[in-house]
Amino acid sequence: GMLGLTQLLCLVTRNFPNAAAIHSLSRDQTQEFPMAPLSINLTHIALRAVRCGLLNKEARRLGSVWAAADAFYCGAFYEFYSRWKNGGKTIMDSGHVK
């Protein structure tokens, strides 16, 4: 939904160089991956983390649950990118999109 698009925008506005690198790898001839569906899955994971209370400490520190969820989402996306790139992953290594 709209939250998934908002978080993707957050990724771009928070750290454009990281977002550009992620986008570039998603379109790489060998290591491509579906960036938009992955973004939706990461948004879902961020929401679950909020609902389970896993981001409470960060939300208090930042003064916003929204900011904590965005930070978690951006961090999760970069972690995925790093593991995908450094691990030489391809679409054949991925699971099914839920």
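Our structure's up above, just so we're on the same page.
Keep in mind that what you see is a predicted model, and the values were worked out from it rather than measured.

1. Quick word on the packing of aromatic side chains
Tallying each qualifying case throughout the model produces 5 aromatic pairs. Geometrically, the ring pair formed by F33 and F80 is edge-to-face, given 5.0 Å between the ring centres and 75 degrees between the ring planes. In this pair, F33 sits in the loop between α2 (16-26) and α3 (35-51) while F80 sits in helix α5 (residues 65-86), placing the two residues 47 residues apart along the sequence. For the pair Y78 and Y81, a centre-to-centre distance of 5.5 Å together with 45 degrees between the ring planes defines the contact as tilted. Within this pair, Y78 and its partner Y81 are both found in helix α5, separated by 3 residues, close to a single helical turn. Given the relative accessible area of 37%, Y78 is considered partly exposed. With relative accessibility at 8%, the residue Y81 sits in the buried group. Through a chain of ring-to-ring contacts, the aromatic side chains of F33, F80 and W84 assemble into a single cluster.

2. As for the nonpolar core
Among the nonpolar cores identified, the biggest contains 15 residues, and L11, I22, F33, M35, Y73 and F77 are the most heavily contacted of them. Taken together, the elements giving at least two residues each to this core come down to α1 (2-14), α2, α3 and α5. For this core, the element with the highest residue contribution is α5, accounting for 5 residues. Setting aside residues up to four positions removed in sequence, F77 forms contacts with L8, L11, I22, F33, M35, L38, S39 and L42.

Rules of the game
- Residues numbered from 1 in each chain as written.
- Predicted model: local features only at pLDDT ≥ 70, side-chain atom pairs only at ≥ 80, totals over all residues.
- Heavy atoms only, no water.
- Phe/Tyr/Trp six-rings, centres within 6.5 Å; stacked < 30°, edge-to-face > 60°.
- Helix = DSSP H or I, 4+ residues; strand = E, 2+ residues; numbered from the N terminus.
- Buried < 20%, exposed > 50% of the residue type's maximum accessible area, 1.4 Å probe, protein only.
- Core = buried A, V, L, I, M, F, W, Y, C linked by side-chain atoms within 4.5 Å.
- Contact = heavy atoms within 4.5 Å.

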